[in-house]
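In case you want the letters, here they are:
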Amino acid sequence: MAGQPPRGPAPAGAALQGGARPVQPGMVPQPRPPPIPMAQQPALSSTNYSPFQSPSPPPAIMAATSPRLLVRGLPGTQTTTTPVCIPIPAQSRRARFRRCHLSRSRDPNPVPEDPQAPPDSLRVAFACGGAGGHVYSAFALADELHASLPHSRSLFLGGPAPSLESSTAAASSYAFATVPPCLPRALLAAALHLHRFRPHVLVATGGPPSLPSCLAALLLGLPFVIQDQDAGPAPATRLLAPVAQRVFLAFNAPVRLLPKRKCAVYGNPVRMSIRNYLRVSKAAAMARFFPRAGPGCEEGAEVVLFLAGTLGSPEINVAVLNMYYEMLTTKKNRYLIWQTGPEDFCEMESLVRGHHRRLFLTPFLHEMDMAYAATDVVVSRAGSVACTEILVTGKPAILIPLPTIVDDHQTKNAYIMADVMGAKVITEDELDSSSLTRIIDEVFGDEKLMAEMSQKALNAARPNSSADIICHICSLIGPTNPT
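Quick caveat, the model's predicted, so the values are computed rather than measured.

Definitions and cut-offs
- Residues numbered from 1 in each chain as written.
- Predicted model: local features only at pLDDT ≥ 70, side-chain atom pairs only at ≥ 80, totals over all residues.
- Heavy atoms only, no water.
- Helix = DSSP H or I, 4+ residues; strand = E, 2+ residues; numbered from the N terminus.
- Buried < 20%, exposed > 50% of the residue type's maximum accessible area, 1.4 Å probe, protein only.
- Contact = heavy atoms within 4.5 Å.
- Areas by Shrake-Rupley, 256 points an atom, 1.4 Å probe, with all protein chains shown as cover.
- Pairing = 2+ DSSP bridges.
- Axes fitted to C-alpha atoms, helices over the stretch in contact; angles between N-to-C directions.
- Polar contact = N/O pair within 3.5 Å; in protein donor to acceptor, adjacent residues only side chain to side chain.
- Expected span 1.5 Å × (residues − 1).
- Bend = angle between axes of the 7 residues up to and from the residue.
- 1 Å grid on protein atoms, 1.4 Å probe; cavity = no way out; pocket = protein on both sides within 12 Å on 5 of 7 lines; lining within 4 Å.
- Points joined across faces, edges and corners; volume = space filled by probe spheres on them.
- Nonpolar A, V, L, I, M, F, W, Y, C, P; charged D, E, K, R; others polar.
- Phe/Tyr/Trp six-rings, centres within 6.5 Å; stacked < 30°, edge-to-face > 60°.
- Lys NZ or Arg CZ within 6 Å of the ring centre and 35° of its normal.
- Right-handed = clockwise from strand over helix to strand, strands pointing away.
- Core = buried A, V, L, I, M, F, W, Y, C linked by side-chain atoms within 4.5 Å.
- Parallel < 35°, antiparallel > 145°, perpendicular 65-115°, else oblique.

### Description of the overall build of the chain
Stage number 1. When helices and strands are counted, the chain shows 16 helices and 15 strands.
Stage number 2. Residues classed as buried in the chain amount to 46% of the 483 residues present.
Stage number 3. Contacts in the chain between residues at least 24 apart in sequence constitute 66% of all its contacts with a sequence separation of at least 6.
Stage number 4. Accessible surface for the chain amounts to roughly 25200 Å². Of this, 56% is attributable to carbon and sulfur atoms.

What follows is the structure, given as C-alpha cells:
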C-alpha cells in the first residue's frame, strides 16, 4: 500500500496471527491437518420396564441442543460462543438422545414414589378432567382398584388448579400431575409423566387431558382403555377407539358407532360413598343440612335436591330463585337443598331473602351420600354421573338437559332415563319457575308414581359397574412383572 515501507520476509517457523505458517518461495502449501475428533459420550444403559420396553424417550418429543465450542478470537478481543455444526454418526446421535433423558427434565409436579409399595405392584394411570362425569368416574374406578388391590398405585393426569380433578385429588391420597391445556405441551407433559410413572395401563375417562394422554401412551407403546359415560360417544372416543385396548360404555346405543369387538357395556362407575348411602338415615342427613329444623322434622318431610351441574346453571338457578320462597311458604313440610355451582353462588346468596331454616344453599356438594339420603326428589341436569347416581339411589327425578353440550348428549341421556325409569324431562325452552313448581308438585302428589320411578331406577341400575370394569382391565393386563 502507498506510503508504507515494504514488509520483509517473516522468519522461518514464525506463526502468523491466523495460525498458518508462511509459504516460502518455491514451496507447495501443505493441507491443514484434520481436526481432532471429539470424544463421544457413552450411551446410558437401557432400562427394562414392565410390561412394555422403553429404553429411551421417543425422539419426537425431545429437543436436542447443538454442541457449542469456545473459539478464541484475536488478541485484544473477547472470547465468544459460536454455534458449530458437527456431523455426528448414528451411534453418537443415539447416545445424545439417551443423554437427553425425560426423567432428568425439570418438572414442577414430580410423581411421588411410594416406598411401601412392592416393586411388582400394579400401576394404573387415570386421565380425566372438565365435567364431573369424567372426574368422578375416574376416582370411582381408582377407589375400586385400591379396595381390591391395596398395594396398587394410581396416578391422575388432569388440568392445572383450580380444577375439579385437582381439588378432588388433593382431598384424596392419589398422586396428581398436571397436563396443560395447549395440545403440544399437553402431549409432552403427559409423555413425561407416563414415562416416569411407568403404568401398566392408562384409563381415560374423558375431558381435555384424556386425548393428549392417550396419544402419549400410544407414542410410548403403552396400552390404554377408554370409559365413555354418555349415550353418544365423544369425538375423542371415536378417534381413539380403533387403537384402544377396550372401550367401556354405559349404554348400548354407542356400540353401533364404534368397533364392536372393542366395546364392553358395563354402565358408569359409581363412587363407593354413593353406593353406601343407605347406611345414613334420613333423620341424620336432614340434621346435617337443616340443623334449625329440630328433631323429628323428617316425619312427612318432602326434600327436593336441586343440582345445577358442576359449574352451575344460570337457567336452573334463576328458575329456583323465582319459586323457592313461594314454595317454602305454601308447603310447610317442603325442604330444599340447592347446589348453585361456584360461579353463581355469590349472586344467588345475595338475592335469597334471609336464611330460611328449610333452605340449604351451597356452591358445591361434597357429601353427596348425605344429600341422597335426605332427598325424596332430584331436580338435575342430565349429566352422566347425575343419571347414574339417580339410578343407583332409586330417586324420582326431573331432568333438565343442557342443549349446548357437544353432540347434545345430555338430551339423549334425559330421554333414555325417561324410557328406563319414567323420569320427567323439561327442556330449557320450557323451563321457568311455574313449570318447575307444577312438575315438582305433580311428582309429590302421586305416591304411586314415585314408587314406580324408584323401583324402575333400581332395576335398571348397575351398582357393581366399577368392580366389573376393574376386573376386565386386570384381565387385559395379566400378571405384572417386577420392574
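### Some thoughts on the sheet that holds strand 4 (residues 153-158)
Stage number 1. Read across the open sheet, the 7 strands follow the order 5-4-3-6-7-8-9; overall the sheet is parallel. With partners counted over all chains shown, the strands left at the sheet margins are strand 5 (175-178) and strand 9 (263-265), one partner each. Here the strands of the sheet are splayed against their neighbours by 20 degrees on average, with no regard to which way each runs.
Stage number 2. Each of strand 3 (123-127), strand 4, strand 6 (201-204) and strand 7 (224-228) touches helix 5 (residues 210-220); the most contacted strand, strand 6, lies at about 160 degrees to it.

### Observations concerning the side chain of Ser 154
Stage number 1. Its location among the elements puts Ser 154 in strand 4.
Stage number 2. For Ser 154, a relative accessible area of 7% puts it in the buried group.
Stage number 3. Separated by 2.8 Å, the side chains of Ser 154 and His 146 make a polar contact.
Stage number 4. Apart from the residues lying within four places of it in its own chain, the contact partners of Ser 154 are Val 124, Phe 126, Ala 142, Leu 145, His 146, Tyr 174, Ala 175 and Phe 197.

### So, helix 9 (residues 314-330)
Stage number 1. With 17 residues, helix 9 extends 25 Å between its outermost C-alpha atoms, agreeing within 8% with the 24 Å of an ideal straight helix rising 1.5 Å per residue.
Stage number 2. By the largest-angle criterion, Met 323 marks the main kink of helix 9, which is about 40 degrees.
Stage number 3. When helix 9 is considered as a whole, its buried residues turn out to be Ile 316, Asn 317, Ala 319, Val 320, Leu 321, Met 323, Tyr 324, Met 327 and Leu 328.
Stage number 4. Its buried side turned inward, helix 9 meets strand 10 (302-307), strand 11 (334-339), helix 10 (345-351), strand 12 (359-362) and helix 14 (433-445).

### Describing the sheet that holds strand 12
Stage number 1. The strand order 12-11-10-13-14-15 describes an open sheet built from 6 strands, whose pairing is parallel. In this open sheet, the two edge strands, each paired with only one partner strand, are strand 12 and strand 15 (424-425).
Stage number 2. With 3 bridges joining them, strand 13 (residues 377-380) and strand 14 (residues 397-399) adopt parallel strand pairing. Paired with Val 378 across the strands is Ala 397, a residue of strand 14.

### Section: empty space enclosed by the protein
Stage number 1. Scanning the entire structure with this criterion turns up 1 cavity of 30 Å³ or more.
Stage number 2. Taken as a whole, the largest cavity holds about 40 Å³ of empty space.
Stage number 3. Lining the largest cavity are Tyr 136, Ser 137, Pro 269, Val 270, Arg 271, Val 385, Thr 388 and Glu 389.
Stage number 4. Counting residues per element, the ones that place at least two in the lining of the largest cavity are helix 2 (132-148) and helix 12 (384-393).
Stage number 5. The element contributing the most residues to the lining of the largest cavity is helix 12, with 3 residues.
Stage number 6. Here the residues of the lining of the largest cavity are counted per class, giving 4 nonpolar, 2 polar and 2 charged.

### Some remarks on the packing of aromatic side chains
To describe a pair of aromatic rings, you give the distance between the ring centres and the angle between the ring planes.
Stage number 1. Applying the stated criterion to the full structure yields 9 aromatic pairs.
Stage number 2. Between Phe 290 and Tyr 335 the ring centres are 5.1 Å apart and the planes differ by 55 degrees, which places this aromatic pair in the tilted class. Linking Phe 290 in the loop between helix 8 (282-289) and strand 10 with Tyr 335 in strand 11, this pair joins segments that are 45 residues apart in sequence. Note on accessibility: Phe 290 and Tyr 335 belong to one class, buried.
Stage number 3. Taking 6.3 Å as the distance between ring centres and 40 degrees as the angle between the ring planes, the aromatic pair formed by Tyr 324 and Trp 338 counts as tilted. Taken together, the residues Tyr 324 in helix 9 and Trp 338 in strand 11 connect sequence positions 14 residues apart.
Stage number 4. Taking the relative accessible area as the measure of exposure, Tyr 324 reaches 3% and is therefore buried.
Stage number 5. An aromatic cluster is built from Phe 126, Phe 139, Phe 156 and Tyr 174, whose rings are joined through pairwise contacts.
Stage number 6. The side chain of Arg 271 reaches across the aromatic face of Tyr 136, ending 3.9 Å from its centre.
Stage number 7. Taking the ring centre of Phe 289 as reference, the NZ or CZ of Arg 288 above it sits at 5.3 Å.

### As for the pairing of strand 7
Stage number 1. For strand 7, a buried count of 5 out of 5 residues is recorded, marking the element as mostly surrounded by other parts of the structure.
Stage number 2. Alternating residues of strand 7 divide into Phe 224, Ile 226 and Asp 228 and Val 225 and Gln 227, and every residue in both groups is buried.
Stage number 3. Here 3 bridges tie strand 6 to strand 7, and the two strands are oriented parallel to one another. Within strand 7, the position partnered with Leu 202 by the bridge is Phe 224.
Stage number 4. Between strand 6 and its parallel partner strand 7, the chain crosses via helix 5, and the hand of that crossover is right-handed.
Stage number 5. Two elements, strand 7 and strand 8 (residues 246-249), share 4 bridges in a ladder whose sense is parallel. Along strand 8, the bridge assignment pairs Gln 227 with Phe 248.

### Here we look at the nonpolar core
Stage number 1. Grouped together as the largest cluster of nonpolar side chains are 39 residues, with contacts concentrated most on Phe 289, Ile 337, Leu 365, Leu 399 and Met 421.
Stage number 2. Those elements that place two or more of their residues in this core are helix 8, strand 10, strand 11, helix 11 (368-374), helix 12, strand 14, helix 13 (409-421) and helix 15 (447-460).
Stage number 3. Of all the elements, helix 11 adds the most residues to this core, at 6 residues.
Stage number 4. Ignoring anything within four residues of it in the chain, the contact list for Phe 289 reads Ile 337, Phe 360, Leu 365, Glu 367, Met 370, Ala 371 and Ala 374.

### A short note on the packing of helix 12 against helix 13
Stage number 1. The N-to-C vectors of helix 12 and helix 13 enclose an angle of 10 degrees; their axes lie 10 Å apart at closest approach. Accordingly, the angle class assigned to the pair helix 12 and helix 13 is roughly parallel. Contacts between helix 12 and helix 13 involve Ser 384, Cys 387, Ile 390 and Leu 391 from the former and Asn 413, Met 417, Val 420 and Met 421 from the latter.
Stage number 2. In terms of residue class, the contact of helix 12 with helix 13 is made up of 6 nonpolar, 2 polar and no charged.

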